[in-house]
Amino acid sequence: GNSVTQMEGPVTLSEEAFLTINCTYTATGYPSLFWYVQYPGEGLQLLLKATKADDKGSNKGFEATYRKETTSFHLEKGSVQVSDSAVYFCALTNQAGTALIFGKGTTLSVSS
Amino acid sequence: NAGVTQTPKFQVLKTGQSMTLQCAQDMNHEYMSWYRQDPGMGLRLIHYSVGAGITDQGEVPNGYNVSRSTTEDFPLRLLSAAPSQTSVYFCASSPLGTGHSYEQYFGPGTRLTVT
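Residues numbered from 1 in each chain as written. Chains lettered and ligands numbered in written order. Predicted model: local features only at pLDDT ≥ 70, side-chain atom pairs only at ≥ 80, totals over all residues. Heavy atoms only, no water.

Chemist: Explain the interface of chain B and chain A to me, using residue names and the numbers behind them.
Modeler: Taken together, the contact between chain B and chain A spans 19 residues of the former and 21 residues of the latter. Surface buried jointly by chain B and chain A totals about 1600 Å² across both partners, of which 55% is contributed by carbon and sulfur atoms. Put simply, chain B and chain A have one salt bridge between them. A salt bridge links Lys49 of chain A to Glu103 of chain B, with the nearest nitrogen and oxygen atoms 2.3 Å apart. For the interface between chain B and chain A, the tally reads three residue pairs in polar contact (both at pLDDT 80 or more). Secondary structure elements with two or more residues in the side of chain B that touches chain A: strand 4 (31–38) and strand 5 (42–51) of chain B. Counting residues per element, the side of chain B that touches chain A draws most heavily on strand 5 of chain B, which supplies four residues. Looking at the side of chain B that touches chain A, its residues break down into ten nonpolar, eight polar and one charged. (Contact = heavy atoms within 4.5 Å. Buried area = accessible area lost by both parts, 1.4 Å probe. Salt bridge = Lys/Arg side-chain N within 4 Å of Asp/Glu carboxyl O. Polar contact = N/O pair within 3.5 Å; in protein donor to acceptor, adjacent residues only side chain to side chain. Helix = DSSP H or I, 4+ residues; strand = E, 2+ residues; numbered from the N terminus. Nonpolar A, V, L, I, M, F, W, Y, C, P; charged D, E, K, R; others polar.)

Chemist: Let's hear about the nonpolar core: which residues, and what values?
Modeler: Formed by 26 residues in total, the largest nonpolar core has its most connected members in Leu19, Trp35, Leu47, Leu48, Phe73, Leu75 and Tyr88 of chain A. For this core, the secondary structure elements donating two or more residues are strand 2 (11–14), strand 3 (19–21), strand 4 (23–26), strand 5 (33–38), strand 6 (44–50), strand 8 (62–65), strand 10 (86–93) and strand 12 (106–111) of chain A. With four residues, strand 10 of chain A is the largest single contributor of residues to this core. In terms of nonpolar packing, the next biggest core, distinct from the first, is built from 19 residues, Leu21, Val66, Leu78 and Ala81 of chain B among them. (Core = buried A, V, L, I, M, F, W, Y, C linked by side-chain atoms within 4.5 Å. Buried < 20%, exposed > 50% of the residue type's maximum accessible area, 1.4 Å probe, protein only.)

Chemist: Before we move on, could you go through the state of the cysteines and cite the residues and values that matter?
Modeler: All names here are of chain A. The full count for this structure, using the stated rule, is two disulfides over all chains. In this model Cys23 forms its disulfide with Cys90; the gap between the sulfur atoms is 1.9 Å. Since a negative S-S torsion denotes a left-handed disulfide, the Cys23-Cys90 link at about -70 degrees is left-handed. You can see Cys23 sitting in strand 4 and its partner Cys90 sitting in strand 10, a full 67 residues away along the chain. The exposure class assigned to Cys23 is buried, which follows from its relative accessible area of 1%. (Disulfide = S-S within 2.5 Å.)

Laid out in structure tokens, this is it:
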């Protein structure tokens, strides 16, 4: 079945540093890919998505490109802020399209 | 819109007790689901529903029951709680889309401890 692997954290950065969180997937067919963010004490929120190869999702300065040739969907941001400190989850739709499969999450901590 | 609401926010149970975690959404979404979140495990799907009267099992359904009598509500029942069910539970909903592009909206979670 479909699966996703994301880099383990925690990731610790200084404010204004460049961020990359790696995500690779295994899938049959053409799943949609997502990044969700979870702020402390809250539920998950959709950060960005891509539904087909070469699509770039973007939101709040974050970007990720659906790379079919490398089966990857890495999350990037050019200049992180303290307010970006959260747990980030990569996810994809399962083969039947009935559910999301999540990675284990990457904790990002940004200091000023 | 309130979005997805969950009650209670926190709950402590003794082993063997039963309880129902409530979930409601006011967005008229057909699809609803329950996940549990455990440290280092990410989110794992327990049960889901694609409409009133239709439910199906996810990755970790054992020990949990669900029903979907209305579009708005999707309660999760623990019939006999076990310490292994200590977790944070999230309910989510989404409109049924085409092209496998489900975007799920999550509730704030219920933190359950079973002693």
